[in-house]
Amino acid sequence: MQENMKGIFISMEGPDGSGKSTQIELLKAYLEDKGYEIIITREPGGTVISEDIRRIILNKDYAEMGYMTEALLYASARAQLVTEVIKPALEAGKAVISDRFVDSSAVYQGMARGLGVETAYQINSYAIQGIMPQLTIHLDLPAQVGISRKKNQAELDRMELEAIDFHERVAEGYRKLASLDPDRIKTIDATMSIDDIHGKIVDYVEPLVKK
Ligand code: TMP
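**Q** Kindly report on the sheet that holds strand β3 (residues 95-99), identifying the contributing residues and their values.
**A** Read across the open sheet, the 5 strands follow the order β2-β3-β1-β4-β5; overall the sheet is parallel. Sheet topology places β2 (38-42) and β5 (185-189) at the edges, where each strand pairs with a single neighbour. Neighbour-to-neighbour, the strand axes of this sheet turn through a mean angle of 20 degrees, independent of strand direction. Pairing geometry for strand β1 (residues 8-13) and strand β4 (residues 135-140), over 4 bridges, is parallel. Pairing of S11 across the sheet is with T136, part of β4. In this fold helix α1 (residues 20-33) packs onto β1, β2, β3 and β4, with an angle of close to 175 degrees to the strand it touches most, β3.

Here it is, written out as structure tokens:
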């Protein structure tokens, strides 16, 4: 995060079905209790334009979408979100919790699609404008468990419809990324109970909370 920003930026990452949304709601309540104004957002999405881009990216009729197109569309949605929502919120001292951020591109496009992690971050360097989360929570879950959960909830989108080995590369990719940046990315076993996971998240968030 840039030096002149007063807020807190936390991203939540993990394979599809890892329970990010539930944990984001609990974290929101915790931070509100600490007196923060909270902005919750998601990627791809979080602005009118970015939600439109999301519909294109996840449309399961677009089986022909190239990996580079996909990567650039995620970056475009992100650029709009950073400019319109994340940057102003951080400048105003708010706490931003994002359901996915640039690490999703590093893992899904960089590792699982095979574009390379460096390429994924390079593509995104304009989009994020120097803004990175202070803390990233990685909810670690076997790919099969996540996809089974998703199947029970709703119709699968273009990414969720990928074969299981793609989702295994995602799950493994997150573990690898977390091991490369252990100060920022904290891994939590997402097969634990909702309350236990929340407790671990609070342990990591507490030092960031301004007294
Ligand atoms: P969601 O279902 O968690 O909202 O995320 C949408 C899908 O997009 C999910 O399968 C992960 C994927 N994704 C990427 O491949 N790259 C990205 O940069 C982001 C933000 C999401």
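**Q** Kindly report on the packing of aromatic side chains, identifying the contributing residues and their values.
**A** In the structure shown here, the tally under the stated rule is 3 aromatic pairs. Centre to centre, the rings of F9 and F101 are 5.0 Å apart; their planes meet at 80 degrees, and the pair counts as edge-to-face. One end of the pair, F9, is in strand β1; the other, F101, is in the loop between β3 and α4 (102-112), and 92 residues separate them in sequence. Here Y108 and Y174 contribute two aromatic rings whose centre-to-centre distance is 6.3 Å and whose plane-to-plane angle is 80 degrees, an arrangement assigned as edge-to-face. Taken together, the residues Y108 in helix α4 and Y174 in helix α7 (residues 164-180) connect sequence positions 66 residues apart. On the basis of relative accessible area, Y108 is assigned to the buried category, the value being 5%. Put simply, the rings of Y108, F166 and Y174 touch in pairs and so form one group of aromatic residues. Across the ring face of F101, the terminal group of R78 is positioned such that the distance to the ring centre comes to 5.8 Å.

**Q** Explain α4 to me, and be specific about the residues and the numbers.
**A** Counting buried positions along α4 yields 11 of 11 residues, so the element is predominantly enclosed. The set of residues buried in α4 consists of V102, D103, S104, S105, A106, V107, Y108, Q109, G110, M111 and A112. Looking at the buried residues of α4, the elements they touch are β1, α3 (67-91), α5 (117-128), β4, α7 and β5. At the C-terminal side of α4, G114 shows a positive phi close to 90 degrees.

**Q** Just give me the short version of the site of the ligand, but keep the residues and values in it.
**A** Around the ligand sit 14 residues in total, of which D16, Y74, R100, S105 and Q109 are the nearest. Contact between the ligand and K20: an oxygen atom at 3.1 Å from a side-chain N or O atom of the residue. A distance of 2.7 Å separates an oxygen atom of the ligand from a polar side-chain atom of Y74. Contact with the protein chains removes 96% of the 480 Å² of surface that the ligand exposes when unbound. The cavity that encloses the ligand is the largest pocket. The element best represented in the shell around the ligand is α4, accounting for 4 residues. Taken together, the residues that form the shell around the ligand break down as 5 nonpolar, 3 polar and 6 charged.

Reading the values: rules and limits
- Residues numbered from 1 in each chain as written.
- Predicted model: local features only at pLDDT ≥ 70, side-chain atom pairs only at ≥ 80, totals over all residues.
- Heavy atoms only, no water.
- Pairing = 2+ DSSP bridges.
- Helix = DSSP H or I, 4+ residues; strand = E, 2+ residues; numbered from the N terminus.
- Axes fitted to C-alpha atoms, helices over the stretch in contact; angles between N-to-C directions.
- Contact = heavy atoms within 4.5 Å.
- Phe/Tyr/Trp six-rings, centres within 6.5 Å; stacked < 30°, edge-to-face > 60°.
- Buried < 20%, exposed > 50% of the residue type's maximum accessible area, 1.4 Å probe, protein only.
- Lys NZ or Arg CZ within 6 Å of the ring centre and 35° of its normal.
- Near = heavy atom within 4 Å.
- Polar contact = N/O pair within 3.5 Å; in protein donor to acceptor, adjacent residues only side chain to side chain.
- Areas by Shrake-Rupley, 256 points an atom, 1.4 Å probe, with all protein chains shown as cover.
- 1 Å grid on protein atoms, 1.4 Å probe; cavity = no way out; pocket = protein on both sides within 12 Å on 5 of 7 lines; lining within 4 Å.
- Sits in = over half its atoms within 2 Å of the grid points.
- Nonpolar A, V, L, I, M, F, W, Y, C, P; charged D, E, K, R; others polar.

Everything listed here is a matter of geometry and, on its own, says nothing about what the molecule does.
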